[in-house]
Amino acid sequence: MEINYQELIKYALSMRKMSYTPYTHFNVGAALLSADGRVFTGCNIENAALTPSNCAERTAFFKAVSEGVKDFAAIAVVGGPEGADELLYCSPCGVCRQVMSEFCHDDFKIIMAKSEDEYKVYTLPEILPERFGPSDLLS
Ligand code: THU
């Protein structure tokens, strides 16, 4: 499937505005593209008890899976401190990589973007080599 990276980044940038980050003031937006071309967005949602906090990527995955979608092509991630002039390349945390690994094939693309025109693209095995996945339990 043809992936429009810029379009996906645009969704992630707009979702970043919904971040709830009273503790870190680090705002992240994600846009997850399903294999059938739908986009599921997510932002990070923090919590006073800290550990219940959820990353933008997982918010997007859980929205999609809870709607019955489990086949994915790519995710765009944008993040940086609230109010900063420039975004960073925001690298998904280990927990989010493991959630990706549950649902995504080796060709799944992770787009880390600073803007619509500045981005890096990785595959899942590049950011989570030797992963423990469903096939380790279900074969
Ligand atoms: N965070 C994400 O939402 N995604 C990432 O890829 C990295 C970190 C969030 C978690 C927390 O709310 C804040 O950014 C700082 O770690």
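Residues numbered from 1 in each chain as written. Predicted model: local features only at pLDDT ≥ 70, side-chain atom pairs only at ≥ 80, totals over all residues. Heavy atoms only, no water.

**Some thoughts on the packing of helix H2 (residues 56–66) against helix H3 (residues 94–103)**
Contact pair H2 / H3: the axes reach a minimum separation of 9 Å and the direction vectors enclose 25°. With respect to each other, H2 and H3 are oriented roughly parallel. Note that H2 runs across H3; the crossing there is left-handed. Where H2 abuts H3, its residues Glu-57, Arg-58, Phe-61, Phe-62 and Val-65 lie against Val-95, Cys-96, Val-99, Met-100 and Phe-103. Residue composition of the contact of H2 with H3, by class: 8 nonpolar, no polar and 2 charged. (Axes fitted to C-alpha atoms, helices over the stretch in contact; angles between N-to-C directions. Helix = DSSP H or I, 4+ residues; strand = E, 2+ residues; numbered from the N terminus. Parallel < 35°, antiparallel > 145°, perpendicular 65-115°, else oblique. Left-handed = near helix turned anticlockwise from the far one by under 90°. Contact = heavy atoms within 4.5 Å. Nonpolar A, V, L, I, M, F, W, Y, C, P; charged D, E, K, R; others polar.)

**Details of the pairing of strand E1 (residues 26–34)**
With 8 of its 9 residues buried, E1 lies for the most part within the structure. Note that E1 and strand E3 (residues 72–81) share 9 bridges and pair antiparallel. Counterpart to Ser-34 in the pairing with E3 is Phe-72. As consecutive antiparallel partners, E1 and strand E2 (residues 39–43) are separated by 4 residues, and within that stretch Gly-37 has a phi angle of approximately 90°, a positive value. (Buried < 20%, exposed > 50% of the residue type's maximum accessible area, 1.4 Å probe, protein only. Pairing = 2+ DSSP bridges.)

**Focus on the sheet that holds E3**
Here we have 5 strands laid out as an open sheet, ordered E2-E1-E3-E4-E5, and mixed in their pairing. The open sheet is flanked by E2 and strand E5 (119–123), the only strands paired with a single partner. For this sheet the average axis-to-axis angle between neighbouring strands, irrespective of direction, equals 20°. Judged from the 5 bridges that link them, strand E4 (residues 109–113) and E5 form a sheet pairing that is antiparallel. Note that in E5 the partner of Ile-110 across the bridge is Tyr-122. Seen against the sheet, H2 touches E1, E2 and E3 and runs at an angle of roughly 140° to E2.

**As for the side chain of Thr-21**
As for its position among the elements, Thr-21 is in the loop between helix H1 (5–16) and E1. We classify Thr-21 as buried; its relative accessible area is 4%. In terms of polar contacts, Thr-21 uses its side chain to reach the side chain of Asn-27, at 2.5 Å. Excluding residues within four positions of it along the chain, Thr-21 makes contact with Phe-26, Asn-27, Asn-44, Glu-46 and Glu-82. (Polar contact = N/O pair within 3.5 Å; in protein donor to acceptor, adjacent residues only side chain to side chain.)

**Points about the site of the ligand**
Lining the immediate environment of the ligand, one finds Thr-24, Phe-26, Val-28, Asn-44, Glu-46, Cys-55, Ala-56, Glu-57, Cys-90, Ser-91, Pro-92 and Cys-93. Glu-57 places a polar side-chain atom, nitrogen or oxygen, 2.5 Å from an oxygen atom of the ligand. Taking 370 Å² as the accessible area of the ligand by itself, protein coverage stands at 78%. Of all elements in the fold, only E1 and H2 reach the threshold of two or more residues within the shell around the ligand. (Near = heavy atom within 4 Å. Areas by Shrake-Rupley, 256 points an atom, 1.4 Å probe, with all protein chains shown as cover.)

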